[in-house]
Amino acid sequence: MGKGQGTTGRFGTRYGRTPKNKLKKIEAKQKATYTCPHCTYKKVKRVSSGIWLCNKCDVKFAGRAYEI
Ligand SMILES: [Zn+2]
């Protein structure tokens, strides 16, 4: 009797943080500017999932969803 009790709540506060951290990382990648492979200027921004646009030479190209 009594075995297996008293362990609940020990790690309760540790869970639930990982998804938020992941989202923050993805968000940072979405907002970051990348180097354009055409003009080599750091003017490339993500316009939609997998689509990137260079503000310098106006070239649109496909990349990965969250980074080139
Ligand atoms: Zn460019």
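Data block above holds the structure.
As the structure is a computational prediction, the values presented were derived from the model and not from experiment.

Procedures and definitions
Residues numbered from 1 in each chain as written. Predicted model: local features only at pLDDT ≥ 70, side-chain atom pairs only at ≥ 80, totals over all residues. Heavy atoms only, no water. Donors = N, O, S within 2.8 Å, 3.2 Å for Na, K, Ca; no water. Helix = DSSP H or I, 4+ residues; strand = E, 2+ residues; numbered from the N terminus. Salt bridge = Lys/Arg side-chain N within 4 Å of Asp/Glu carboxyl O. Buried < 20%, exposed > 50% of the residue type's maximum accessible area, 1.4 Å probe, protein only. Pairing = 2+ DSSP bridges.

**Regarding the coordination of the zinc ion**
Those protein atoms acting as donors to the zinc ion are Cys36 (SG), Cys39 (SG), Cys54 (SG) and Cys57 (SG), and they sit at 2.2 to 2.3 Å. For the zinc ion, the single-chain donor residues occur in sequence as C-x2-C-x14-C-x2-C. Taken as a pair, cysteine 39 in the loop between α1 (18-31) and β1 (44-48) and cysteine 54 in strand β2 (residues 51-54) lie far apart in primary sequence, 15 residues in all.

**Looking at the pattern of salt bridges**
Overall, the coordinates contain one salt bridge when judged by the stated rule. Here glutamate 27 ties to lysine 31 by a salt bridge, and the two come within 3.6 Å at their closest N and O atoms. Linking glutamate 27 with lysine 31, this pair stays in helix α1, spanning four residues, or about one helical turn. Classification of glutamate 27 as partly exposed rests on a relative accessible area of 43%.

**Notes on the pairing of β2**
Both β1 and β2 contribute to a ladder of four bridges, which runs antiparallel. Counted as the bridge partner of arginine 46 is tryptophan 52 from β2. As defined by bridge partners, β2 adjoins strand β3 (residues 60-62) across three bridges and the pair is classed as antiparallel. Within β3, the position partnered with tryptophan 52 by the bridge is phenylalanine 61. What sits between the antiparallel neighbours β2 and β3 is a turn of five residues, in which aspartate 58 has the positive phi angle 65°.

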